[in-house]
Amino acid sequence: STVTVHTFDIKSRVTRQMKLPLEADGYIPRIKFTSDAEKLAIFTQNRHQDRLDIYMANPRSTECKMIVRDNVDKYITEQVYQHLNFYKNHFVLMSERDGYNHLYLYNLNGTLVKQVTKGNFVVTDFYGYDEKTGDFYYASNQDSPMQTAVYRTDAKGKTTKLSAQTGQNSAIFSKNLKYYMNVYSNINTPPVTSLCDNKGKVLK
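A quick note: this is a predicted structure, and the numbers were derived from the prediction, not measured.

To continue, consider the sheet that holds strand β15 (residues 168-173). Within the open sheet, the 3 strands sit side by side as β15-β16-β17. Their pairing is antiparallel. Of all the strands in the sheet, the pair left with one neighbour each is β15 and β17 (189-197). In this sheet, neighbouring strand axes are inclined to one another by 20° on average, regardless of whether the strands run parallel or antiparallel. Inspection of the sheet shows β15 paired to strand β16 (residues 179-186) by 6 bridges, in the antiparallel sense. Within β16, the position partnered with serine 170 by the bridge is valine 183.

Further remarks concern the sheet that holds strand β6 (residues 64-71). As summarised here, the arrangement of the 4 strands in space is β3-β4-β5-β6, forming an open sheet in which the pairing is antiparallel. Both edges of this open sheet fall to β3 (27-33) and β6, since each of them pairs with a single strand only. If you compare each strand with its neighbour and ignore which way they point, the axes differ by 20° on average. Across 5 bridges, the pairing between β3 and strand β4 (residues 40-45) is antiparallel. Counted as the bridge partner of isoleucine 31 is isoleucine 42 from β4.

Right, let's talk about the side chain of aspartate 197 for a bit. If you trace the backbone, aspartate 197 turns up in strand β17. Comment: no salt bridge for buried aspartate 197; closest opposite-charge side chain is lysine 201, at 5.7 Å. From its side chain, aspartate 197 meets the backbone nitrogen of lysine 201 in a polar contact 3.0 Å long. Beyond its immediate sequence surroundings of up to four residues, aspartate 197 is in contact with Lys178, Tyr179, Tyr180 and Leu203.

For a regular strand, the rule is simple: side chains alternate between the two faces of the sheet. Pairing analysis gives 4 bridges linking strand β1 (residues 6-9) to strand β2 (residues 14-17), with the strands arranged antiparallel. Within β2, the residue paired with threonine 7 across the bridge is arginine 16. What sits between the antiparallel neighbours β1 and β2 is a turn of 4 residues, in which arginine 13 has the positive phi angle 60°.

Further remarks concern the packing of aromatic side chains. Following the criterion strictly, the structure yields 10 aromatic pairs and no others. On the numbers, 6.4 Å between centres and 20° between planes, the contact of phenylalanine 43 with phenylalanine 86 is stacked. In this pair, phenylalanine 43 is assigned in strand β4 and phenylalanine 86 in strand β7 (residues 85-86), connecting sequence segments 43 residues apart. Residue class for phenylalanine 86 comes out buried when judged on its relative accessible area of 17%. Members of the aromatic cluster, joined through ring pairs, are Phe43, Tyr81, Phe86, Phe91 and Tyr106. In this structure, arginine 97 packs its charged tip against the face of tyrosine 104, placed 4.2 Å from the ring centre.

Rules used in this analysis
- Residues numbered from 1 in each chain as written.
- Predicted model: local features only at pLDDT ≥ 70, side-chain atom pairs only at ≥ 80, totals over all residues.
- Heavy atoms only, no water.
- Pairing = 2+ DSSP bridges.
- Helix = DSSP H or I, 4+ residues; strand = E, 2+ residues; numbered from the N terminus.
- Axes fitted to C-alpha atoms, helices over the stretch in contact; angles between N-to-C directions.
- Buried < 20%, exposed > 50% of the residue type's maximum accessible area, 1.4 Å probe, protein only.
- Lys, Arg positive; Asp, Glu negative; His and termini not counted.
- Salt bridge = Lys/Arg side-chain N within 4 Å of Asp/Glu carboxyl O.
- Polar contact = N/O pair within 3.5 Å; in protein donor to acceptor, adjacent residues only side chain to side chain.
- Contact = heavy atoms within 4.5 Å.
- Phe/Tyr/Trp six-rings, centres within 6.5 Å; stacked < 30°, edge-to-face > 60°.
- Lys NZ or Arg CZ within 6 Å of the ring centre and 35° of its normal.

This is the structure in structure tokens:
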């Protein structure tokens, strides 16, 4: 299939095709608007699916500019698209570029601000980034490959484990990232759900 990206101008009722430099057998797995109305994020992949390109397209001029290219050894996982979130001035990309699944913070122009998580462990889920405080919330297996826990890394890079129980922990955060539901289980314990604040204190 030949795939293209188009925008529809609601006011003028004009449809425009974006000038996206896509290979003949390439994919467009996701399209997302950013906080800037002049920047439509288009994700493309090569046929082998080991390369991800992120373009910023101007819906009016149709010009597309590649801002990030990410190459991995095997293939780009579905998690990357699921957890790629755009904020007012930034976006967070999950990548296995250094051999482990970690989080990277970029500005909307595609400049890498910093690698958020580092080490011989895998980030399993990304829950959100608070631009006001600089805090990142995620789950990882940094204590043990057989366990997952919920963590917060602050703007200075200090990491705090929020979940107290040892086993499998996952979280559902509120939109403002002030609270979360922690779901915990292990080989002897069925899932236990707790309401917590973003410091890890169990409220109920």
